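# Reading the structure
Each chain, written out:
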Amino acid sequence: MHPFNLIDHPWIPVRWLASTTASKPSLVSLRDAFIHAHEIADLDATPHERIALTRLLVCITHAALGAPQDEDSWENFGNDLITTVPAYLAKAEIKDHFNLLGDGPRFLQQKPESTDPTDGYPLSKIAFHLSSGNNPKLLDHWGEDPRPWTPQAAAIALLCLQNFFVGGSMASKVHGNGPALKSLQILLLGPDLASSILRNCLDHKFIESTGGKLGRPVWEAAPDHHLLARLAPKPCALWLSDDLQIIFIDQGHQYLEFDAYRDPYASTTTTKDDKRRLIRAKPDQGIWRDLHLLTNLSDATGLTAPLNLQCFNARKELGQSTQLWCGELIKAKDAKIEDCTESTFTVPHGLFCRNGRDLYAAGVDHAEHIANFVYGAVKTYGKTLSHENPPTEEAKKHFWHHLDQNHRTLIALAGDPQPGQPAIGSPEASDPWTKMVQEAAVLAFKAVCPHRTARQLEAYAAGIRVLHKAIYPKAPATKKTTKSSTPTI
């Protein structure tokens, strides 16, 4: 067993700024991540790894620097990030808790009563992208046979599992989920890692707005329900074997879930029955279709946008554009991970305002409205040909795929709403998004409706009439008024 301390040894994947001239390593330690935070462009990680690593870096920053009191106390916060945080990590009572292995304190681990290998599970079971047992993966067929593990990979897998613990057969006796699960996570990105970390920090005012407190991290105190204990959580009592082949798992701290506790990087929306719910990613739907909900800063009482974005706005630091990263590890109903998704948006300032969000919402609603007519047009095509199962779903996939590739057209339009312009999709509309939706609808219909034979041409004409009536609406006819005249005698 070789000592591996996460503060000293490289394990965090990063990308360096182009301005850094010397050759730089692709992995850095926690200490170097803060010392060189102004030279590092970004984390180089998968969506769930990015979420877990960002939460850890923010947690360490708050633990070392505290938090500003309110929006007026941010002026000097984080100026000493590259010196104060490494000094905090170097403290003996802190550093020992970042050992990955060893008999003493371990990073996010707790030693079980028994370390008999028959009581443990293959380490591959905690890595969501690897196959193990009855969860085959497209690009991995290793199974449960022992596989080589590096300490770097084991550390990230451990951190991700604690953030996204989902239960299942491996830990049926462990109750609760990881606090980063069951919500679309929204992170602010800056020009370098230092600014990205600070943009996702919070002040006491916003932390307490949802009934929470800053608290203390789990390496300083027993886990509780407050912010720092949730950013680097311990929902499971985990323990790694010295050869990194087996993991032992037991009940850890059971964290409160929404709406008992609001995660700082999650957005909420209001349902038709006036209930608040967390916004979730959908495997079959682009995140951009909910962007107007994620940027809603006007609902001060419900705090619809994530707390980090609300706090950043209160500091008056929203510029002409702001970079948002959105992603989620999507949980299925059977306690399995279904998918992993992410999107990065450069959001213009206009989309944070009421007019811009309303315009954006109208653009999404119009696209969803036309998608139904694409479905109807393909049904008409199939009915004319006496097809029982026309390719309606395939047509909608073509339609949305085209808009997924061109959604920035709508973002740009909503970023600069013009007063008095015709409504999107109206007969008078000539905006680029209306034209984009028209183009997507026609291309989708053509892609799945062949029109070579005489019968196909007849069916195609019937279907395209339905589609054209929807995407090229005619203005309502106005009644002509005629003056009545008295005949001359």
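A short tour of the structure in this document, coming up. (Residues numbered from 1 in each chain as written. Predicted model: local features only at pLDDT ≥ 70, side-chain atom pairs only at ≥ 80, totals over all residues. Heavy atoms only, no water.)

Each helix and strand in the protein was counted, giving 15 helices and eleven strands. Expressed as lengths along the three principal axes of its C-alpha atoms, the size of the protein is roughly 115 × 55 × 50 Å. Classification of the 489 residues of the protein by burial places 51% in the buried group. When contacts within the protein are restricted to residue pairs at least 6 apart in sequence, long-range pairs at least 24 apart make up 67% of them. A total accessible area of about 23600 Å² is found for the protein, and carbon and sulfur atoms account for 51% of it. Charged side chains of the protein number 50 positive and 54 negative; the gap between the two group centres comes to 10 Å. (Helix = DSSP H or I, 4+ residues; strand = E, 2+ residues; numbered from the N terminus. Buried < 20%, exposed > 50% of the residue type's maximum accessible area, 1.4 Å probe, protein only. Contact = heavy atoms within 4.5 Å. Areas by Shrake-Rupley, 256 points an atom, 1.4 Å probe, with all protein chains shown as cover. Lys, Arg positive; Asp, Glu negative; His and termini not counted. Charge placed at Lys NZ, Arg CZ, Asp CG, Glu CD.)

This next bit is on empty space enclosed by the protein. Taken as a whole, this structure holds three cavities of 30 Å³ or more when the rule is applied. Its boundaries defined by the atoms lining it, the largest cavity holds a volume of some 80 Å³. In terms of lining residues, the largest cavity is bounded by D42, L43, R50, T54, L57, L187, L188, L189, L193, S196, I197 and N200. Counting residues per element, the ones that place at least two in the lining of the largest cavity are β3 (40-43), α2 (47-65), β5 (185-189) and α6 (193-199). Its residues placed into classes, the lining of the largest cavity shows seven nonpolar, three polar and two charged. Around the second largest cavity, the lining residues are L184, R280, A281, K282, Q285, G286, I287 and D290. (1 Å grid on protein atoms, 1.4 Å probe; cavity = no way out; pocket = protein on both sides within 12 Å on 5 of 7 lines; lining within 4 Å. Points joined across faces, edges and corners; volume = space filled by probe spheres on them. Nonpolar A, V, L, I, M, F, W, Y, C, P; charged D, E, K, R; others polar.)

The next thing to look at is the pairing of strand β7 (residues 246-251). Sheet topology places strand β4 (residues 121-122) next to β7; two bridges connect them, and they run antiparallel. Within the sheet, the bridge partner assigned to P122 lies in β7 and is I246. In this sheet, β7 lies alongside strand β6 (residues 236-240) in antiparallel orientation, the contact comprising five bridges. The residue of β7 that forms the bridge with C236 is Q251. Counting the residues that bridge the hairpin from β6 to β7 gives five residues, and of these L244 lies at a positive phi of roughly 55°. (Pairing = 2+ DSSP bridges.)

Here we take up the pattern of salt bridges. All told, the structure shown has 15 salt bridges when counted by the stated rule. Between R55 and D263 there is a salt bridge, with its nearest N and O atoms 3.0 Å apart. Linking R55 in helix α2 with D263 in the loop between β7 and β8 (268-270), this pair joins segments that are 208 residues apart in sequence. Of the charged contacts in the structure, one is a salt bridge between D290 and K282, with a shortest N-O distance of 3.4 Å. Note on K282: relative accessible area 33%, which makes it partly exposed. Through salt bridges with shared partners, a single ionic network connects D8, R31 and K95. (Salt bridge = Lys/Arg side-chain N within 4 Å of Asp/Glu carboxyl O.)

Let's shift gears to the packing of helix α14 (residues 432-448) against helix α15 (residues 454-471). Remark: α14 packs on α15, axes separated minimally by 11 Å, with the N-to-C direction vectors making an angle of 165°. Here α15 runs roughly antiparallel to α14, going by the angle between their axes. In the packing of α14 onto α15, the handedness of the crossing is right-handed. Residues Q438, A441, V442, F445 and K446 of α14 pack against Y460, G463, I464, L467, H468 and I471 of α15. Classifying every residue of the contact of α14 with α15 gives seven nonpolar, three polar and one charged. (Axes fitted to C-alpha atoms, helices over the stretch in contact; angles between N-to-C directions. Parallel < 35°, antiparallel > 145°, perpendicular 65-115°, else oblique. Left-handed = near helix turned anticlockwise from the far one by under 90°.)

What follows covers the nonpolar core. Residues W11, L30, I60, L89, F98 and W219 are the most contacted members of the largest nonpolar core, which totals 88 residues. Of all the elements, helix α5 (residues 151-164) adds the most residues to this core, at nine residues. Discounting chain neighbours no more than four positions away, the residues touching F98 are F4, N5, L6, I7, L30, I60, L89, F107 and W219. Formed by 57 residues, the second largest nonpolar core is a distinct cluster that contains V448, C449, A459 and I471. (Core = buried A, V, L, I, M, F, W, Y, C linked by side-chain atoms within 4.5 Å.)

If you trace the three strands from one edge of the open sheet to the other, you get β2-β1-β3, paired in antiparallel fashion. Two strands close off the open sheet at either side, each with one partner strand: β2 (27-28) and β3. Bridging between strand β1 (residues 12-16) and β3 involves three bridges; their strand directions are antiparallel. Following the sheet pairing, V14 is matched in β3 by L43. Contacts between α2 and the sheet are confined to β1 and β3, with β3 contributing the most and set at about 120° to the helix.

Here we take up the sheet that holds β6. Here we have three strands laid out as an open sheet, ordered β4-β7-β6, and antiparallel in their pairing. One side of each edge strand has no neighbouring strand; the edge strands of this open sheet are β4 and β6.

Right, let's talk about the packing of aromatic side chains for a bit. How two aromatic rings sit relative to each other is set out by the distance from centre to centre and by the angle between their planes. Under the definition given, this model contains eight aromatic pairs. On the numbers, 5.4 Å between centres and 25° between planes, the contact of F98 with F107 is stacked. For the residue pair F98 and F107, the accessibility class agrees, reading buried in each case. Plain terms: the ring middles of W288 and W433 are 5.9 Å apart, the flat faces sit at 75° to each other, and that makes the pair edge-to-face. With a gap of 145 residues between them, W288 in the loop between β9 (276-278) and α9 (291-294) and W433 in helix α14 connect regions that are remote in the sequence. Here W288 falls in the buried class, since its relative accessible area comes to 3%. Through a chain of ring-to-ring contacts, the aromatic side chains of W288, F399, W400 and W433 assemble into a single cluster. A cation over an aromatic ring shows up here: R106 above the ring of W239, its NZ or CZ 3.7 Å from the ring centre. The ring of W74 carries the charged tip of R315 above its face, separated from the ring centre by 3.7 Å. (Phe/Tyr/Trp six-rings, centres within 6.5 Å; stacked < 30°, edge-to-face > 60°. Lys NZ or Arg CZ within 6 Å of the ring centre and 35° of its normal.)

The buried count for strand β10 (residues 321-331) comes to eight of eleven residues, which makes it a mostly enclosed element. Here five bridges tie β5 to β10, and the two strands are oriented antiparallel to one another. The partner of L187 across the bridge, within β10, is W325.

Here the focus is the side chain of R50. Summarising the element assignment, R50 is placed in helix α2. Overall, R50 belongs to the buried group, its relative accessible area being 8%. In terms of polar contacts, R50 uses its side chain to reach the backbone carbonyl oxygen of L43, at 3.3 Å. For R50, the contacting residues outside a window of four places in its chain are D42, L43, A45, L187, L189 and W325. (Polar contact = N/O pair within 3.5 Å; in protein donor to acceptor, adjacent residues only side chain to side chain.)

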